[in-house]
Amino acid sequence: MDLNTVNRVIPARSRADLGELGEGAVPLAGGSVLFAEPNPSIHTLIDLQTLGWEPFVISDDGLEVAATATLTQLSTLPDDRGWRAHPLFYQCCTALFGSFKVWNVATVGGNICTALPAGPMTSLFSALDAEALIWRADGSDVRIPVSELVTGNTTTSLNSGDVLRSLHVAARSLGSATAYRKIALSAIGRSGAVVIGRFDPVDESFVLTVSAATVRPEQLRFAGLPTASELRTAIEGIGTWFTDAHGAADWRLAVSVVLGEEIRLELTGAAR
Ligand SMILES: Cc1cc2nc3c(=O)[nH]c(=O)nc-3n(C[C@H](O)[C@H](O)[C@H](O)COP(=O)(O)OP(=O)(O)OC[C@H]3O[C@@H](n4cnc5c(N)ncnc54)[C@H](O)[C@@H]3O)c2cc1C
């Protein structure tokens, strides 16, 4: 769609160029959301792709994923480091039912900043307990958990002019065993629930992340693998289920209980 109120597109070359962000001047990443609907309040787009950020930086600490990495890049990240959590990258990309054309442009950061409940990158990076590096408009940097960055249905804790720079996944998370489940009302429909479990073999802790079924990602933490009834009670205690065209709140709760139990059994097997 043409954004016919836009009269300026700035290809950012350095952080200083982001100083133009503010009322009516927004970051442009892949454009798959920005160009999908009218945005009459926008007059300036500041292109982040021209910053040329490396999509992935791997160190002993873990993995830093640039906000501008595309779903295609993430889904094809080589599996050559022995990360047990590696399958989760591709699995979560498949929760975005766009064609390869969408995957080629849609970015990790654009997905998280759009903050749809069914944002698969929000699901992925929350489940891995990743931290988001935010470049604040005032020039400061802050790191916050991705699960706290998305605050509700299309809302985030970003202020006007802030930019999501990257996501850091700790080596410990990459070494965890993970299990993934997704359900939608139709075969190629938007996710009604995405449920991800992560078992940390070092301290045997377990975290279940429920998303798409709730307005923001919800995380349930246990010191060890829970029993079926402990997990069910915890899932039933979540208070942010919601209803839209992609599923009713009570259905989302019910399927999350079923998927959570499947994940618990799968990771119990992996733990042995
Ligand atoms: C067929 C199709 C299916 C889709 N399915 C899904 C789906 O299942 N779930 C889902 O969540 N989305 C879905 N989308 C929407 C979209 O493709 C994704 O959310 C995509 O990841 C957005 O990324 P982008 O780089 O294109 O964002 P853009 O369109 O460039 O930007 C989106 C928003 O984020 C802001 N932004 C982008 N990057 C940053 C940054 N680094 N820092 C601060 N703000 C930033 C922009 O200013 C804008 O407000 C779908 C789209 C299509 C066309």
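Source: prediction; values computed, not measured. Each chain has its residues counted from 1, following the order in which its sequence is written. Residues qualify for local features only when their pLDDT is at least 70, as the model is predicted, and side-chain atom pairs are given and counted only at 80 or more; totals for whole chains, interfaces and linings, by contrast, use all residues. Only hydrogens and water are set aside; all other atoms, that is, all heavy atoms of the structure, feed into the side-chain values.

1. A few points about the sheet that holds strand E7 (residues 141-145)
In this description, strands pair whenever DSSP reports at least two bridges between them. A run of H or I in DSSP counts as a helix once it spans at least four residues, and a run of E counts as a strand once it spans at least two, with each numbered from the N terminus. Within the open sheet, the five strands sit side by side as E4-E5-E10-E6-E7. Their pairing is antiparallel. Each edge of the sheet is formed by a strand with only one pairing partner; in this case those strands are strand E4 (56-59) and E7. Strand-to-strand, the axes of this sheet are offset by a mean angle of 20 degrees, without reference to chain direction. Bridge analysis of E4 against strand E5 (residues 62-66) gives four bridges, and the strand direction is antiparallel. Residue Val57 lies in a different strand from E5, and its bridge partner there is Glu64. Here, axes are lines fitted to C-alpha atoms. For helices the fit covers the stretch in contact, and angles between N-to-C directions go from 0 to 180 degrees.

2. Considering the site of the ligand
Think of it this way: one heavy atom of a residue within 4 Å of a molecule or strand is enough to make that residue near it. Contacts to the ligand come from 30 residues, most closely from Pro27, Gly30, Gly31, Ser32 and Thr107. In the analysis that follows, any N or O atom pair within 3.5 Å is treated as a polar contact, provided that within protein one partner can donate a hydrogen and the other can accept it, and provided that, for residues neighboring in sequence, both atoms belong to side chains. In this structure, Gly30 approaches the ligand through a main-chain N or O atom, which is 2.7 Å from an oxygen atom. Within the side chain of Asn111, a nitrogen or oxygen atom sits 2.9 Å from an oxygen atom of the ligand. Here the ligand loses 84% of its free accessible area of 970 Å² to cover by the protein chains. At the level of secondary structure, the elements contributing two or more residues to the shell around the ligand comprise strand E2 (25-28), helix H3 (100-105), helix H4 (108-114) and strand E10 (163-170). For the shell around the ligand, the leading source of residues is H4, giving five residues. Under the scheme applied, nonpolar residues are Ala, Val, Leu, Ile, Met, Phe, Trp, Tyr, Cys and Pro; charged residues are Asp, Glu, Lys and Arg; polar residues are all the others, including Gly. Its residues placed into classes, the shell around the ligand shows 19 nonpolar, 10 polar and one charged. For each domain, the first and last residues come from an automatic or database assignment. A domain-level breakdown of the shell around the ligand finds at least three residues from each of domain 1 (8-50) and domain 2 (52-172). Only the protein chains shown count as cover for residues, and the accessible areas themselves come from Shrake-Rupley with a 1.4 Å probe.

3. A few points about the packing of aromatic side chains
Note on aromatic pairs: the rings of Phe, Tyr and Trp (six-membered ring only in Trp) are paired at centre separations within 6.5 Å, and the planes decide the class, stacked below 30 degrees, edge-to-face beyond 60, tilted for the rest. Taken as a whole and judged by the stated rule, the model has three aromatic pairs. On the basis of an interplanar angle of 85 degrees and a centroid distance of 5.6 Å, the ring pair of Trp53 and Trp135 is categorised as edge-to-face. Of this pair, Trp53 sits in the loop between strand E3 (44-47) and E4 while Trp135 sits in strand E6 (residues 131-135), placing them 82 residues apart in sequence. Over the face of the ring belonging to Trp53 we find Arg165, whose NZ or CZ atom lies 4.1 Å from the ring centre. Here, over-ring charges are defined by two tests on the NZ atom of lysine or the CZ atom of arginine: distance to the ring centre within 6 Å, and angle to the ring normal within 35 degrees.

4. So, the pairing of E5
Most of E5 sits out of view: five of its five residues are buried. From the end of E4 to the start of E5, which pair antiparallel, there are two residues. As paired strands, E5 and E10 are joined by five bridges and run antiparallel to one another. Counted as the bridge partner of Ala66 is Ser166 from E10. Each residue's exposure class comes from its accessible area (1.4 Å probe, protein chains only) as a fraction of the maximum for that residue type: buried when under 20%, exposed when over 50%, partly exposed otherwise.

5. A look at the domain arrangement of the protein
Assigned domains within the protein: domain 1 (8-50), domain 2 (52-172) and domain 3 (175-271). Centre-to-centre, using C-alpha coordinates, domain 2 lies 20 Å away from domain 3. Note on contacts: a residue pair is in contact if any heavy atoms of the two residues lie within 4.5 Å. Between domain 2 and domain 3, the residue contacts involve 26 residues of the former and 30 residues of the latter. When two parts are brought into contact, each loses some accessible area as probed by a 1.4 Å sphere; the total of that loss over both is the buried area. The contact between domain 2 and domain 3 buries some 2400 Å² in all, and 54% of this surface belongs to carbon and sulfur atoms. On the domain 2 side of the interface with domain 3, the three residues burying the most area are Arg84, Phe97 and Arg172, jointly 29% of the side's total. Think of a salt bridge as a Lys or Arg side-chain nitrogen and an Asp or Glu carboxyl oxygen that are within 4 Å of each other. At the junction of domain 2 with domain 3, the criterion picks out four salt bridges. Of the charged contacts, one joins Asp129 and Arg198 as a salt bridge, the two residues approaching to 2.5 Å between their closest N and O atoms. At the junction of domain 2 and domain 3, the tally comes to 17 residue pairs in polar contact (both at pLDDT 80 or more).

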